[in-house]
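This is what each chain is made of:
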Amino acid sequence: MAVNRMGARALRFRNAPRIAGHAAVVGKKEGKGPLRGTFDYVAEDDHFDQPTWEKAESEMQRRCIELAARKAGREVRELNMILAGDLLNQCIGSAFASSDSNVPFLGLYGACSTMAQGLLLGACLVDGGFADELACAASSHFCSAERQYRFPLAYGGQRTPTAQWTATASGAAVIAAKPERGRVAVTGGAVGQMVDLGVKDANNMGAAMAPAAYRTLSDYFRDTATEPGDYDMVLTGDLAGVGADLLIELFKQDGVDIRPVYSDCGLLLFSPDQDVHAGGSGCGCSACVLCGSILRDLEEGRLRRVLFAGTGAMMSPVSVQQGQNIAGVCHVVVLERQEG
């Protein structure tokens, strides 16, 4: 196995797998936000020519994986594996997206941390020699998520100020073993642990996820003897307004100011005038921001080293209805631009 341990939790990939291709597919609302022009495909109709919202999400993710593979110079059927996840029960959005691919499939669930989880696992598989090329993908759809977690859209329920807007979006990246296949390398990361501070409000996921982001990031900085300023960007996804402010405050208590390099995907995807309350969320939010603008900025040299911290609120409709706490998790992936 080519992975080295750095400190208690951090991982370093000896062979630094490359991002050979990446793509982002989004809905109409997302395509009108601040990152318009960075996506590969913006839907004119969030149905994606499908009869249900769930099938629409599968179609969106399928197109995204296909675009990422094409940009990597491959057909989907040539990939060794697909690692993908979404918010729906039993990951049906991802499962049906890849059901006709004839490619080995691993379904993932990490809530909004799913893209980071997929990149970490995918890099481990490629770096360890278990795959030459594979795709990592994640998606979410506002309408399918609302129907599962909250209320039918026709109900017209009021949203609290702390609530986040589930992005209709998908992101996919092809990870390859050969250095010549891309300029951006996955050089390291860390698998986070569950952090439960007793938050129960399903409309305040930022508060549930911020402590997990703080735990994983602070552990990673300590284990690698680095600090926020060693990175061009520390990017969480998706804490949005409430969680991002909490994370900044938690680091401030340690005497660390992360604001000069800190951004959050939930704040980048939408503008305040789009009425998304605290900001964006969902598996597709960080996936489309990363696979749209961030990887492009790395490839073109505007960024050189990014610490991508995917955050997830680990809950289900059943756990919320039973009054259980909402635990958070955060996984870290280091992405660096390579000259060779």
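See above for the structure.
In this text, all values refer to a predicted model and were calculated from it rather than measured experimentally. Residue positions are given per chain, counting from 1 as you read along its sequence in written order. This being a predicted model, a pLDDT of at least 70 is required before a residue's local features are given, and a value of 80 or more before pairs of side-chain atoms are given or counted; all residues contribute to the totals for chains, interfaces and linings. Think of the side-chain values as coming from all heavy atoms in the structure, minus any hydrogens and water.

K.L.:
What is the right way to read empty space enclosed by the protein from this model?
P.N.:
Once rolled over the atoms, a probe with the size of a water molecule shows which space is left empty. Only protein atoms enter the 1 Å grid used here, on which a cavity is any set of points holding a 1.4 Å probe that cannot leave and a pocket is any open set flanked by protein within 12 Å on both sides along at least five of seven lines; residues with an atom within 4 Å of a point are listed as lining. Grid points are joined across faces, edges and corners, and a volume is the space filled by probe spheres set on the points. Under the defined criterion, the tally for this structure stands at 2 cavities of 30 Å³ or more. When its volume is computed, the second largest cavity comes out at roughly 50 Å³. Looking at the second largest cavity, the residues that line it are R9, A190, V191, G192, Q193, R215, T216, D219, Y220 and D223. Runs of E in the DSSP output that reach at least two residues are strands. Runs of H or I that reach at least four are helices, and both are numbered from the N terminus. In terms of residue count, the dominant contributor to the lining of the second largest cavity is helix α6 (residues 205–224) (5 residues).

K.L.:
Got a minute to help me understand the pattern of salt bridges in this structure?
P.N.:
Two side chains of opposite charge can pair, provided their charged atoms sit close to one another. In what follows, salt bridge is the name for a side-chain nitrogen of Lys or Arg lying within 4 Å of a carboxyl oxygen of Asp or Glu. All told, the structure shown has 15 salt bridges when counted by the stated rule. Its salt-bridge partner being R63, residue E59 comes within 2.7 Å of it at the nearest N-O pair. Of the two residues, E59 and R63 both sit in helix α2 (residues 53–71), 4 residues apart, roughly one turn of that helix. For the residue pair E59 and R63, the accessibility class agrees, reading buried in each case. Of the charged contacts in the structure, one is a salt bridge between E339 and R304, with a shortest N-O distance of 2.3 Å. Of the two residues, E339 sits in the segment after β15 (327–337) while R304 sits in the loop between α9 (283–299) and β14 (305–314), which places them 35 residues apart along the sequence. Summary of the burial criterion: residues with accessible area below 20% of their type's maximum are buried, those above 50% are exposed, and those between are partly exposed, where the area comes from a 1.4 Å probe applied to protein chains only. Owing to a relative accessible area of 39%, R304 belongs among the partly exposed residues under this scheme. Here the salt bridges do not stand alone but share partners, grouping D49, E59, R62, R63, E66 and R70 into one network.

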